[in-house]
Amino acid sequence: MRKAWLAGTILLTIIFLLSSLAMALPKLFVSHDTFEFGYVPQNSKISHVFWIKSVGEDTLKILSVKPG
């Protein structure tokens, strides 16, 4: 009896985890996540545009950006 209960609990847990993976999730696509500027003189102002796209099935919320 206890083995059947344990097997049922494990089965329900697996079903729950798989169903949560199948739900619509936000997803971000970045064509490239780094850019090499090469040599840059001191005190120069430089910039680069990174194109990002939301490709998931849910709303993507960007809450913070931390340049490195």
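Preceding block: the structure.
The structure presented is a predicted model; accordingly, all values stated were derived computationally and were not measured.

Trainee: Residues and numbers for the layout of surface pockets, please.
Mentor: Each pocket or cavity is described by its volume, and for the largest pocket that value is around 170 Å³. Along the walls of the largest pocket sit L28, V30, D33, F50, I52, I62 and V65, which together make up its complete lining. Residue composition of the lining of the largest pocket, by class: six nonpolar, no polar and one charged.

Trainee: Can you lay out the packing of aromatic side chains for me, pointing to particular residues and giving the numbers?
Mentor: Counted according to the given criterion, the structure contains one aromatic pair. Taken together, a centroid distance of 4.9 Å and an interplanar angle of 75° make the contact between F35 and F37 edge-to-face. F35 gets classed as partly exposed once you look at its relative accessible area, which sits at 39%.

Parameters and conventions
Residues numbered from 1 in each chain as written. Predicted model: local features only at pLDDT ≥ 70, side-chain atom pairs only at ≥ 80, totals over all residues. Heavy atoms only, no water. 1 Å grid on protein atoms, 1.4 Å probe; cavity = no way out; pocket = protein on both sides within 12 Å on 5 of 7 lines; lining within 4 Å. Points joined across faces, edges and corners; volume = space filled by probe spheres on them. Nonpolar A, V, L, I, M, F, W, Y, C, P; charged D, E, K, R; others polar. Phe/Tyr/Trp six-rings, centres within 6.5 Å; stacked < 30°, edge-to-face > 60°. Buried < 20%, exposed > 50% of the residue type's maximum accessible area, 1.4 Å probe, protein only.

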